[in-house]
Amino acid sequence: MRDSSASLRAVIFDLDGTLIDWGQSRDEKRRALFIREVLQGMLQTLERAGLSPPPLEEVVGEYSARMTRGWEGELFDLRPPHLGEILEATLAATGMDGERPDRQTLLQAFPWKAAPGVTSFPDAPGALRTLLDQGIKTGLVTNSSHPMWLRDRELEAFGLLHLLPHCRLSAADVGRLKPHPQIFRAALARLGVGPHEAVFVGDNPVADISGAQNAGMRAVLRRGRNDTAELARLIEPDHRLDTLEELPAVLDDWYPGWR
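What counts, and at which threshold
- Residues numbered from 1 in each chain as written.
- Predicted model: local features only at pLDDT ≥ 70, side-chain atom pairs only at ≥ 80, totals over all residues.
- Heavy atoms only, no water.
- Helix = DSSP H or I, 4+ residues; strand = E, 2+ residues; numbered from the N terminus.
- Rg over C-alpha atoms; globule rule 2.2 N^0.38 Å.
- Buried < 20%, exposed > 50% of the residue type's maximum accessible area, 1.4 Å probe, protein only.
- Contact = heavy atoms within 4.5 Å.
- Areas by Shrake-Rupley, 256 points an atom, 1.4 Å probe, with all protein chains shown as cover.
- Lys, Arg positive; Asp, Glu negative; His and termini not counted.
- Charge placed at Lys NZ, Arg CZ, Asp CG, Glu CD.
- Polar contact = N/O pair within 3.5 Å; in protein donor to acceptor, adjacent residues only side chain to side chain.
- Phe/Tyr/Trp six-rings, centres within 6.5 Å; stacked < 30°, edge-to-face > 60°.

1. Some points on the overall build of the chain
Then step 1. Counting its regular elements, the chain contains eleven helices and eight strands.
Then step 2. Its C-alpha radius of gyration of 20 Å places the chain within 12% of the 18 Å reference for a compact globule of 259 residues.
Then step 3. Dimensions of the chain along its principal axes, counting C-alpha atoms only, are 65 × 35 × 35 Å.
Then step 4. Here the chain holds 259 residues, and 50% of them are scored as buried.
Then step 5. Pairs at least 24 residues apart make up 68% of the contacts formed inside the chain by residues separated by at least 6 positions.
Then step 6. For the chain, the computed accessible surface area is about 12000 Å², with 48% contributed by carbon and sulfur atoms.
Then step 7. Charged side chains in the chain number 30 positive and 37 negative. The centres of these two groups are separated by 1 Å.

Put into structure tokens, the structure is as follows:
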């Protein structure tokens, strides 16, 4: 049972589909070309360092297969694939000659950036700024195989990084995927708030809404491609909204006087 007397101290957001929009980058061929470009950049960096990486096409094929298997496996234990582990295994499987770089070297060489066609939702900066202006901590929790410092490059490119100063967590770093409670608890601990003092905003009914509610938080669903009729009958968010511009009014109802 939620504490109705609790004050609002933090709002935690999902990333993909909530703050940044992949809607214009869902073409599989386009995304495959992007991944190929990133892997090519990594191999070129390794070559410049005097190493002898395998051929690009072999690396692309092995990487893609391992990443796919990694995400298929997460359904059983909510443990995410880790980009660094996949890169290490990819080079080992493709027969890299000589010394193989360690995980951190590979990650540093991986030139991740915002994918073509991906952008921030236009309502995201204003919503985050409103919260910060009222002294509310902002956090982010994403089900990503990439360490958060790589995803931070996207946030910086979209002008959102400075608006999320208190907590940014990736499943790859925590070791668990939403809806597992561990990743929500890790965010609450980093923010220094209790579950009744925080609200979660996301677009996935299972990962975001069910996960946050099971961790004791109120959960707001941003309507989108994951909000299907079937899921709507099974999981009931505390509120639904179409734009983040509606969020302050929702918080007014739950936490009068927060602003």
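2. Description of the side chain of Arg151
Then step 1. Checked against the element boundaries, Arg151 lands in helix 6 (residues 148–157).
Then step 2. There is a polar contact of 2.4 Å between the side chain of Arg151 and the side chain of Glu154.
Then step 3. Apart from residues lying up to four places away in sequence, Arg151 is in contact with Leu15, Asp16, Ile20, Trp22, Trp112, Thr142, Ser144 and His146.

3. Some thoughts on unusual backbone geometry
Then step 1. Across the junction of Lys178 and Pro179, the peptide omega takes the value 15 degrees, indicating a cis bond.
Then step 2. Within the secondary structure, Pro179 is located in the loop between helix 7 (171–174) and helix 8 (181–191).
Then step 3. We note that Leu78 has phi near 60 degrees; this positive angle belongs to a residue other than glycine.
Then step 4. Here Leu78 lies in the loop between helix 2 (56–77) and helix 3 (83–93).

4. As for the packing of aromatic side chains
Then step 1. A complete count under the given rule lists four aromatic pairs for this structure.
Then step 2. An angle of 35 degrees between the planes, with centres 6.5 Å apart, marks the rings of Tyr63 and Phe110 as tilted. Taken together, the positions of Tyr63 in helix 2 and Phe110 in the loop between helix 4 (103–109) and strand 3 (119–120) put the pair 47 residues apart, joining distant regions of the chain. Taken individually, Tyr63 and Phe110 each receive the classification buried, so the pair is uniform in this respect.
Then step 3. When the centroid spacing of 5.3 Å and the interplanar angle of 75 degrees are considered together, the rings of Phe184 and Phe200 count as edge-to-face. Of the two residues, Phe184 is situated in helix 8 and Phe200 in strand 6 (residues 198–202); the sequence distance between them amounts to 16 residues.
Then step 4. Overall, the relative accessible area of 1% leaves Phe184 in the buried class.

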